Amino acid sequence: EPEVTQTPSHQVTQMGQEVILRCVPISNHLYFYWYRQILGQKVEFLVSFYNNEISEKSEIFDDQFSVERPDGSNFTLKIRSTKLEDSAMYFCASGTGLGTEAFFGQGTRLTVV
Amino acid sequence: QKEVEQDPGPLSVPEGAIVSLNCTYSNSAFQYFMWYRQYSRKGPELLMYTYSSGNKEDGRFTAQVDKSSKYISLFIRDSQPSDSATYLCAMSGSTNAGKSTFGDGTTLTVKP
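### A short note on unusual backbone geometry
No. 1: Omega for the bond connecting Thr-7 of chain A with Pro-8 of chain A falls within 30 degrees of zero, at -10 degrees, which places this linkage in the cis form.
No. 2: With respect to the element layout, Pro-8 of chain A can be found in the loop between strand 1 (5-7) and strand 2 (10-13).
No. 3: Between Gly-9 of chain B and Pro-10 of chain B the backbone carries a cis peptide bond, its omega angle lying at 5 degrees.
No. 4: Within the secondary structure, Pro-10 of chain B is located in the loop between strand 1 (4-6) and strand 2 (11-14).
No. 5: A positive phi is found at Asn-52 of chain A, a non-glycine position, where the angle reads about 65 degrees.
No. 6: Tracing the backbone through its elements, the reader meets Asn-52 of chain A in the loop between strand 5 (44-50) and strand 6 (53-57).
No. 7: When its relative accessible area of 58% is taken as the criterion, Asn-52 of chain A is described as exposed.
No. 8: Phi at Lys-70 of chain B is positive, roughly 55 degrees, even though this residue is not glycine.
No. 9: One can find Lys-70 of chain B in the loop between strand 7 (61-66) and strand 8 (71-76).

If you want it as structure tokens, here you go:
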């Protein structure tokens with residue numbers, strides 16, 4: 001069964017460093033998303049990406065964040081100058097169309113120390 | 001008022017019980033309604049997806065959407081210990097580029 005894969009599963013980084021979280025969406029999907037979940041809190045939307053551009057972003061997704069689809073299979077989230085409060089699970093998801101169900105990866109646990 | 005309200009529980013039931021999980025929402029633009037199951041420190045797993053009002057059944061799971069009341073439900077029949085997880089409702093509208101708004105999640109424990 002096709003699935004969204006994310007690497008690494010766990011990333012520890014020092015405050016102020018840049019991190020890149022990687023995702024391989026399901027191959028025939030066209031819409032890609034990043035969500036985050038701070039421990040004990042709800043899943044929060046960060047950004048959606050379609051046709052090689054951001055289609056919507058939340059207020060969380062500020063200039064510290066960027067997304068990229070560098071080739072036909074990968075979808076990345078870059079966080080510049082990480083802060084302690086960026087520590088969370090980051091989930092990549094993909095879907096076939098607007099409003100359709102999104103399929104989530106297993107997440108990358110980011111720990112900023 | 002939160003856009004999506006979900007009772008966090010915890011909810012504990014005996015094996016075999018019927019479980020009812022619910023969410024209410026305030027945004028009338030929501031048209032797509034999802035239920036996800038999440039095990040600890042794992043990604044949300046899609047269980048049910050419904051468009052607009054109505055019922056949808058898949059095995060032991062039934063999803064109901066009542067847009068007039070802004071209320072959605074997930075029923076689990078013949079609950080099993082393996083159903084123990086956190087259940088998340090999520091919703092999106094047709095004009096917001098796939099952004100889903102999640103509830104806080106309800107933690108369910110099914111006791112053998």
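### Focus on the sheet that holds strand 1 of chain B
Residue and element names in this part refer to chain B.
No. 1: Reading across from one edge, 1-3-8-7-6 is the order of the 5 strands in this open sheet, with antiparallel pairing throughout. Unpaired on one side and paired on the other, strand 1 and strand 6 (54-58) mark the two borders of the sheet. Direction aside, neighbouring strands of the sheet carry axes that sit 15 degrees apart on average.
No. 2: In terms of strand pairing, strand 7 meets strand 8 through 6 bridges, oriented antiparallel. Within the sheet, the bridge partner assigned to Ala-63 lies in strand 8 and is Leu-74.

### Here's the deal with the environment of Ser-28 of chain B
All names here are of chain B.
No. 1: Checked against the element boundaries, Ser-28 lands in the loop between strand 3 (19-25) and strand 4 (30-38).
No. 2: For Ser-28, a relative accessible area of 55% translates into the label exposed.
No. 3: Measuring from C-alpha to C-alpha, the distance between Ser-28 and Ser-68 comes to 9.0 Å, with 40 residues separating the pair along the chain.

### A closer look at the pattern of salt bridges
Oppositely charged side chains can pair when the atoms bearing their charge come close.
Residue and element names in this part refer to chain B.
No. 1: One pass over the structure, following the stated rule, counts 6 salt bridges over all chains.
No. 2: In this structure, Lys-2 engages Asp-104 in a salt bridge whose closest nitrogen and oxygen atoms are separated by 2.5 Å. Of the two residues, Lys-2 is situated in the segment before strand 1 and Asp-104 in the loop between strand 10 (101-102) and strand 11 (106-111); the sequence distance between them amounts to 102 residues.
No. 3: For Asp-104, a relative accessible area of 30% puts it in the partly exposed group.
No. 4: Taking the shortest distance from any N to any O, the salt bridge between Arg-77 and Glu-57 comes out at 3.5 Å. With a gap of 20 residues between them, Arg-77 in the loop between strand 8 and strand 9 (85-93) and Glu-57 in strand 6 connect regions that are remote in the sequence.
No. 5: Note on Glu-57: relative accessible area 58%, which makes it exposed.
No. 6: Among the charged side chains, a network of salt bridges with common partners joins Arg-37, Glu-45, Arg-60 and Asp-83.

### What to know about the sheet that holds strand 3 (residues 19-24) of chain A
Residues and elements named next belong to chain A.
No. 1: Read across the sheet, 4 strands follow the order 1-3-8-7 without closing on themselves; strand pairing throughout is antiparallel. With partners counted over all chains shown, the strands left at the sheet margins are strand 1 and strand 7 (65-68), one partner each. Mean inter-strand twist for the sheet, computed between neighbouring axes without regard to direction, equals 20 degrees.
No. 2: As paired elements, strand 3 and strand 8 (residues 75-79) share 5 bridges and run antiparallel to each other. Bridge pairing in strand 8 places Ile-20 opposite Lys-78.

Definitions and cut-offs
Residues numbered from 1 in each chain as written. Chains lettered and ligands numbered in written order. Predicted model: local features only at pLDDT ≥ 70, side-chain atom pairs only at ≥ 80, totals over all residues. Heavy atoms only, no water. Helix = DSSP H or I, 4+ residues; strand = E, 2+ residues; numbered from the N terminus. Buried < 20%, exposed > 50% of the residue type's maximum accessible area, 1.4 Å probe, protein only. Pairing = 2+ DSSP bridges. Axes fitted to C-alpha atoms, helices over the stretch in contact; angles between N-to-C directions. Salt bridge = Lys/Arg side-chain N within 4 Å of Asp/Glu carboxyl O.

Shape is all these values report; function is a separate question.
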